[in-house]
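Chain and residue survey
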Amino acid sequence: MWQLVGQTKAISFLQRSLERGAVAHAYLFVGPPHVGKMTLALELAKALNCEAAEVPCGACASCQKIASAKHADVQIIDLAGGRNSDEARLQTEISIDQIRELQHSASLPPFEGKFKAFIIDGAELLSHEAANSLLKTLEEPVGKVIFILLTASDRLLPTTVVSRCQKLELMPLVATEIETALLSRGDIETAKAKLLAGLSQGCFGWALSAAGSDEPLRQRSERLERLLGVTTGDGEERFNYAFQLATQFSRNREVVRETLDLWLSWWRDLLLVRAGCPSLITNADLEATLISHAQDYRLEQIRDFISSIQTALEQLKQNANPQLALEVLMLSIPRRGE
Ligand SMILES: [Zn+2]
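Quick look at the structure, then. Just so you know, these numbers come straight off a predicted model, no measurement behind them.

Ideal values differ by geometry: the angle at a metal is 109.5 degrees with four tetrahedral donors, but 90 or 180 degrees with six octahedral donors. On the protein side, the zinc ion has Cys50 (SG), Cys57 (SG), Cys60 (SG) and Cys63 (SG) as donor atoms, found 2.2 to 2.3 Å from it. In this structure, the zinc ion is surrounded by 4 donor atoms whose angles at the metal cover 102 to 118 degrees, and the resulting shape is tetrahedral. Along the chain, the residues donating to the zinc ion fall in the pattern C-x6-C-x2-C-x2-C. Note on Cys63: relative accessible area 0%, which makes it buried.

Right, dumping it as structure tokens:
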């Protein structure tokens with residue numbers, strides 16, 4: 001049993017490859033954060049090393065070691081890898097040193113399992129040098145070693161690297177699928193499961209962590225408060241915010257993308273309220289605030305601003321100048337009561 005909610009297409013593809021003994025030596029899993037890329041990578045590593053007849057069993061010693069990150073042949077390479085916490089905080093790229101370590105380890109036979117699996121989380125963060133070096137390894141496959149690259153956008157990776165990998169896309173789930181999965185795990189109220197499913201944007205990992213901890217919802221409230229402050233604030237406040245987001249973008253582009261996704265969900269909700277469909281809103285716990293704010297804008301103003309947010313998101317994805325893209329966005333916030 002693959003321990004993953006949804007993603008049936010990707011799972012059955014991998015299962016067929018396993019059955020035919022035709023597993024690729026390099027995979028690229030593409031999908032938004034928290035959609036299940038890491039879970040799927042770990043499940044694949046389990047399946048390759050599982051001791052049971054039906055893989056991955058999730059119960060054998062090998063599967064359990066992988067689940068608790070204690071398997072010597074399954075390694076995760078990411079920004080924080082092998083650094084002390086101070087350096088990790090400042091690190092913005094996956095370095096050539098990390099890839100050299102990986103290459104050395106890949107040249108040795110499996111230590112305790114059947115397959116070595118290297119999972120590169122945030123593959124778009126590979127430095128230019130690191131990506132080139134990894135490319136050589138991907139071009140010369142050796143037996144019993146598999147590379148699994150995870151990324152939110154394969155457009156940020158060199159095409160040479162992408163072309164060496166079997167690409168699998170992980171799609172966001174529909175909200176009801178997430179709601180059902182949350183409820184099946186018990187210990188959550190129906191209303192909360194529905195709210196989290198809506199807010200998760202189809203990413204089960206986010207919904208699950210928000211069900212288990214207050215932090216994701218607290219973070220959302222903080223960002224929404226800032227959003228309301230900026231939309232009702234003056235030009236200076238908006239430019240300061242654009243500058244802050246642009247600075248953050250250079251360190252962690254995901255946080256900025258998440259923030260803009262939240263803006264998008266908020267303005268879409270305003271549109272729904274204005275159009276007389278409040279039952280369809282995502283931020284259902286803030287319906288009263290949405291209703292009061294929706295009065296301040298005309299339908300066209302909201303529609304135009306939604307397309308401005310989408311443009312900014314697209315520009316950031318395409319590596320445009322972040323400060324410029326965000327300043328333009330702040331300039332297009334509609335005036336209230338106009
Ligand atoms: Zn197993």
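Before going further, it helps to examine the packing of aromatic side chains. One pass over the structure, following the stated rule, counts 6 aromatic pairs. Arranged with centres 6.2 Å apart and planes meeting at 55 degrees, the rings of Trp263 and Phe305 form a pair that is tilted. Residue Trp263 is found in helix H13 (residues 253–274), and its partner Phe305 is found in helix H15 (residues 299–317); the two are separated by 42 residues along the sequence. Across the pair, exposure class does not vary: Trp263 and Phe305 are buried alike. Put simply, the rings of Tyr241, Trp263, Trp267, Tyr297 and Phe305 pair up and form one aromatic cluster.

Closest axis-to-axis distance for the helix H5 (residues 96–106)/helix H6 (residues 128–139) pair is 8 Å, and the angle between their directions is 20 degrees. Taken together, the axis directions place H5 and H6 in an arrangement best described as roughly parallel. For the crossing formed where H5 meets H6, the hand is left-handed. Mapping the contact onto sequence places Ile96, Ile99 and Gln103 in H5 and Glu129, Ala130, Ser133, Leu134 and Thr137 in H6.

The subject of this paragraph is the layout of surface pockets. The calculated volume of the largest pocket comes to roughly 1,200 Å³. Pro33, His34, Asp121, Gly122 and Glu254 are, among the 39 residues lining the largest pocket, the residues nearest its centre. Here the element with the most residues in the lining of the largest pocket is H13; it accounts for 4 residues. Of the residues assigned to the lining of the largest pocket, the class counts are 16 nonpolar, 12 polar and 11 charged. Put simply, the second largest pocket is a space of about 1,100 Å³.

Procedures and definitions
- Residues numbered from 1 in each chain as written.
- Predicted model: local features only at pLDDT ≥ 70, side-chain atom pairs only at ≥ 80, totals over all residues.
- Heavy atoms only, no water.
- Donors = N, O, S within 2.8 Å, 3.2 Å for Na, K, Ca; no water.
- Tetrahedral: all angles 85-135°; square planar, octahedral: opposite > 155°, others 65-115°.
- Buried < 20%, exposed > 50% of the residue type's maximum accessible area, 1.4 Å probe, protein only.
- Phe/Tyr/Trp six-rings, centres within 6.5 Å; stacked < 30°, edge-to-face > 60°.
- Helix = DSSP H or I, 4+ residues; strand = E, 2+ residues; numbered from the N terminus.
- Axes fitted to C-alpha atoms, helices over the stretch in contact; angles between N-to-C directions.
- Parallel < 35°, antiparallel > 145°, perpendicular 65-115°, else oblique.
- Left-handed = near helix turned anticlockwise from the far one by under 90°.
- Contact = heavy atoms within 4.5 Å.
- 1 Å grid on protein atoms, 1.4 Å probe; cavity = no way out; pocket = protein on both sides within 12 Å on 5 of 7 lines; lining within 4 Å.
- Points joined across faces, edges and corners; volume = space filled by probe spheres on them.
- Nonpolar A, V, L, I, M, F, W, Y, C, P; charged D, E, K, R; others polar.

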